Amino acid sequence: MRMLITAAALLALAALAAPPAAGAATGSATTATADAAQTAAAARIGDDYPYKNDSWENPDPWNFYKRECTSSAAWRLRQSGVPFHNHYKTHWGNANHWDDAARAVGIRVDDTPTVGSIAQWNSGKFGHVAYVAEVANGQVLLEEYNYRGSHAYGTRRLSASSVENYLHIAR
């Protein structure tokens, strides 16, 4: 499965890098190719989080509490090759501090989702973060833990514009 997804991602990226053929249409075809590349890059979806049965009262190895949104986001970032932890270049803390922490260390924060970015909200007592697993047609597919206090894994698809910030921590 992983090889198929990787091959699809490489083909989609190659299509993006290739110049258009003479007389080729541009616009929606280019957008469709970009969406295909983003979707193909969404290689990890599923609850493979290693602490899904542990108590949320204990910290994970990255110094976030297990089964919280911050721990889950850190897990996905680490899987993508970022050695992320609660003191990565600065202190990250609760989800509602992640946008400020990112800006403080020069990490891009904007309103444009990309696969591998972190969706972030400041609302509520602690805020919320989720991993962007897919971007297509103005929507994002998020992977997350502890949405609405559940301490459980979930996915949801929503309008990309409904997310407050996107943090581009991944390399």
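Residues numbered from 1 in each chain as written. Predicted model: local features only at pLDDT ≥ 70, side-chain atom pairs only at ≥ 80, totals over all residues. Heavy atoms only, no water.

Asks: Help me understand the pairing of strand β4 (residues 139-145), please; the structure alone is not making it clear to me.
Replies: Consecutive residues of a regular strand have side chains that alternate between opposite faces of the sheet. Burial analysis of β4 places six of its seven residues in the buried class, which makes it a mostly covered element. When strand β3 (residues 128-136) meets β4, the two strands line up antiparallel, connected through five bridges. Within β4, the position partnered with V135 by the bridge is V140. Here β3 folds back onto β4 in antiparallel fashion, the turn holding two residues, of which N137 has a positive phi close to 55°. (Buried < 20%, exposed > 50% of the residue type's maximum accessible area, 1.4 Å probe, protein only. Helix = DSSP H or I, 4+ residues; strand = E, 2+ residues; numbered from the N terminus. Pairing = 2+ DSSP bridges.)

Asks: How should helix α3 (residues 69-79) be read in this particular structure?
Replies: The periodicity of an α-helix, 3.6 residues per turn, causes residues three or four positions apart to be oriented the same way. For α3, the tally of buried residues reaches nine of 11 residues, placing the bulk of the element in the interior. By the burial criterion, the buried members of α3 are C69, T70, S71, S72, A73, A74, W75, R76 and L77. In the core, the buried residues of α3 are packed alongside α4 (98-104), β2 (118-121), β3 and β4. Following α3 by one or two positions, G81 has its phi on the positive side, about 105°. (Contact = heavy atoms within 4.5 Å.)

Asks: Sorry if this is basic, but what is going on with the nonpolar core here?
Replies: Side chains of nonpolar character tend, in soluble globular proteins, to be buried together. If you look at the biggest cluster of nonpolar residues, it comprises 26 residues, and the most contacted ones within it are F84, W92, W98, I118, L167 and I169. Of all the elements in the fold, those that place two or more residues in this core are α3, α4 and β3. If one sorts the elements of this core by residue count, α3 sits on top with five residues. Setting aside chain neighbours within four positions, we find L167 in contact with W92, W98, D99, A102, R108, V109, S117, I118 and Q120. Of all hydrophobic cores here, the second largest spans 12 residues; its members include V135, L142, A160 and Y166. (Core = buried A, V, L, I, M, F, W, Y, C linked by side-chain atoms within 4.5 Å.)

Asks: How should I be thinking about the packing of aromatic side chains in this particular structure?
Replies: Pairs of aromatic rings are described using the distance from one ring centre to the other and the angle between the two planes. Going through the model one piece at a time under the given rule, you end up with 11 aromatic pairs. Residues F64 and W98 carry aromatic rings whose centres are separated by 5.7 Å and whose planes lie at 50° to one another, so their mutual orientation is tilted. With a gap of 34 residues between them, F64 in the loop between α2 (28-40) and α3 and W98 in helix α4 connect regions that are remote in the sequence. A residue is classified by how much of its surface remains accessible, and W98, at 0% relative accessible area, is buried. With a centroid separation of 5.2 Å and 55° between ring planes, the pair formed by F84 and W98 is classed as tilted. Separated by 14 residues along the polypeptide, F84 in the loop between α3 and α4 and W98 in helix α4 bring together distant segments of the chain. With respect to burial, F84 and W98 carry one shared label: buried. Of the aromatic side chains, those joined through ring pairs into one cluster are Y49, Y51, W62, W75, Y145 and Y153. The ring of Y147 carries the charged tip of R156 above its face, separated from the ring centre by 3.6 Å. (Phe/Tyr/Trp six-rings, centres within 6.5 Å; stacked < 30°, edge-to-face > 60°. Lys NZ or Arg CZ within 6 Å of the ring centre and 35° of its normal.)

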